[in-house]
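# Topology and contacts: notes
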Amino acid sequence: MGTVFHLDIVSAEESIYSGPVEFLVAPAQMGEVGIYPRHTPMLTRIKSGMVRIKAQLKEEELVYVSGGMLEVQPDVVTILADTAIRSHDLDEAKAIEAKRAAEEAIKDRASELDYAKAQAELMEAVSQLAAIEKLRKRRH
Amino acid sequence: MAGSREIRNKIKSVKNTQKITRAMEMVAASKMRKAQDRMKKARPYGDKIRNVAAHMSRANTEYRHPFLIERDTVKRVGIIVVTSDKGLCGGLNTNVLRRALNEMKKWQAEGEELEVCCIGSKGLGFMSRLKANVISQVVGLGDTPDMASLIGAVKVVLDGYTEDRFDRVYIFYNRFINTMKQEPVMEKLLPLSDDKMQSDEEQEGSSAKAAGWDYIYEPEAKPVIDDIMVRYVEALIYQALTENMASEQSARMVAMKAASDNAGNVIDELTLIYNKSRQAAITKELSEIVSGAAAV
């Protein structure tokens, strides 16, 4: 202990990196930060860019992250990578879109009609089968 | 011979249905494996962000995020309902919607106002038939859910919470237990409860760090903590969604297997009836010929 710390890079969709690391450089919002073991606790946003990782007895590795959060604890460092491009305005636009879609969906549900119709037919066939099966069991 | 032709047609139609259900069963089986993989892959992120949030709640931060603060008065409730986009998956959606409906009735009886966010078109259809107050929705997520499509709908709910439009947020989804078993669950999303915020180390009972320290924040405490909390809640919802999708595929596989089996049984039975009626017809014809010949 003392010469390495544990690094996890995870995104919501997968785990990207996990293992002991000697040194790390990440693109923090206010400029690149280099982190050695026993760094003081720190919490920051990171921009999209390369994270440079130096593990023991290994070549330096580069991992791309599309932004996210960086948490530093003395012997554990976690990078929570975003899978989507985020910004306040973009999130806001998406929220408005989701609201609008909800209002529209209540008004008009015709577009899904064809699919729903085909599905209803199949559903009926399946439930018919189930009913026949039940009748058959009762008879025997 | 009209009867036997009818039976033959019936057999043909059941066979066609069986082909469809069998194909759907196989498709669901292969999708199920992928959905389960995705569910497992989403776990590390949830675990890590929970650790970070737990560290943060132990730290002596100058700013406490509204998600962490319990509110005394409860008048309005936000609900997130996770369902599948497509049907034919047994009682999966019905179970989770029934669960949600029961709770909603209870809340309404207590005079609380409800607002609903629907993820998945089955839930949306149900809620709009109920004339519930749907504030946001995401449908058509496909087989690979991505965070990007969730952000908008979730933000509407989170904003509602921070703006005091509701005091609690619950999520309903199907928890994946195994291929044969899925369970509709209700979880309290906001305010974040303390037991959810336990980090791994604390759960294992080892060193809980002493309070009194704080992070260095870049650029400032508030935006960074805000970001973390929003991501944390999104991660919880994303996990619920991946679980629900894995549940959906396994439930569909099981339902379609049952349907194919039923179709097989029905075909056997119909074939038996068909053969019997065919034989009866032949016997009748023979006896007519014989008796006709005897009469001559």
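These notes cover the structure that comes with them. Everything numeric in this text was worked out from a predicted model, so none of it was measured.

## Here we look at helix α3 (residues 121-130) of chain B
Residues and elements named next belong to chain B. By the criterion of burial, α3 is predominantly enclosed, with seven of the ten residues buried. For α3, the full list of buried residues reads Ser121, Gly123, Leu124, Gly125, Phe126, Met127 and Ser128. Where α3 terminates, the next one or two residues include Lys131, which has phi positive at roughly 60 degrees.

## Quick word on helix α4 (residues 147-162) of chain B
All names here are of chain B. Look at α4: 21 Å from first C-alpha to last across 16 residues, which is about the 22 Å you get at 1.5 Å a residue. At Ala153, α4 shows its largest kink, close to 35 degrees. Within α4, twelve of the 16 residues are buried, which leaves it mostly tucked inside the rest of the structure. Those residues of α4 that fall on the buried side of the exposure criterion are Met147, Leu150, Ile151, Gly152, Ala153, Val154, Lys155, Val156, Val157, Leu158, Gly160 and Tyr161. Phi turns positive, to about 65 degrees, at Asp164, one or two residues after α4.

## Digging into the environment of A:Leu24
Residue and element names in this part refer to chain A. Its place among the elements puts Leu24 in strand β3 (residues 23-28). Classification of Leu24 by relative accessible area gives buried; the value is 0%. The sequence separation of Leu24 and Lys137 amounts to 113 residues, and the corresponding C-alpha distance is 68 Å.

## Description of a nonpolar patch on the surface
Residues and elements named next belong to chain A. A contiguous nonpolar patch, built from Met50, Leu62 and Tyr64 and spanning about 340 Å² of accessible area, is present on the exposed surface. With respect to the helices and strands, Leu62 occurs in strand β6 (residues 60-73). Taking relative accessible area as the criterion, Leu62 reaches 56% and is therefore assigned exposed.

## A short note on the pairing of strand β1 (residues 5-11) of chain A
Residue and element names in this part refer to chain A. Of all seven residues that make up β1, six are buried, and the element is covered over most of its length. Here β1 pairs with strand β2 (residues 15-21) via six bridges, running antiparallel. Paired with Asp8 across the two strands is Ser18, which belongs to β2.

## Describing the packing of α4(B) against helix α6 (residues 221-295) of chain B
Residues and elements named next belong to chain B. Orientation of α4 relative to α6, taken along the N-to-C sense of each, is 120 degrees, at an axis distance of 10 Å. The angle between the axes of α4 and α6 places the two elements in the oblique class. At the point where α4 passes α6, the crossing takes the right-handed sense. Residues Met147, Leu150, Ile151, Val154 and Leu158 of α4 touch α6, and the partners they reach there are Val230, Val233, Glu234, Ala235, Ile237, Tyr238 and Leu241. Grouping the amino acids of the contact of α4 with α6 by side-chain chemistry returns eleven nonpolar, no polar and one charged.

Calculation criteria
Residues numbered from 1 in each chain as written. Chains lettered and ligands numbered in written order. Predicted model: local features only at pLDDT ≥ 70, side-chain atom pairs only at ≥ 80, totals over all residues. Heavy atoms only, no water. Buried < 20%, exposed > 50% of the residue type's maximum accessible area, 1.4 Å probe, protein only. Helix = DSSP H or I, 4+ residues; strand = E, 2+ residues; numbered from the N terminus. Expected span 1.5 Å × (residues − 1). Bend = angle between axes of the 7 residues up to and from the residue. Patch = residues over 30% accessible without salt bridge, like charges linked within 9 Å, V, L, I, M, F, W, Y side chains within 5 Å. Areas by Shrake-Rupley, 256 points an atom, 1.4 Å probe, with all protein chains shown as cover. Salt bridge = Lys/Arg side-chain N within 4 Å of Asp/Glu carboxyl O. Pairing = 2+ DSSP bridges. Axes fitted to C-alpha atoms, helices over the stretch in contact; angles between N-to-C directions. Parallel < 35°, antiparallel > 145°, perpendicular 65-115°, else oblique. Left-handed = near helix turned anticlockwise from the far one by under 90°. Contact = heavy atoms within 4.5 Å. Nonpolar A, V, L, I, M, F, W, Y, C, P; charged D, E, K, R; others polar.

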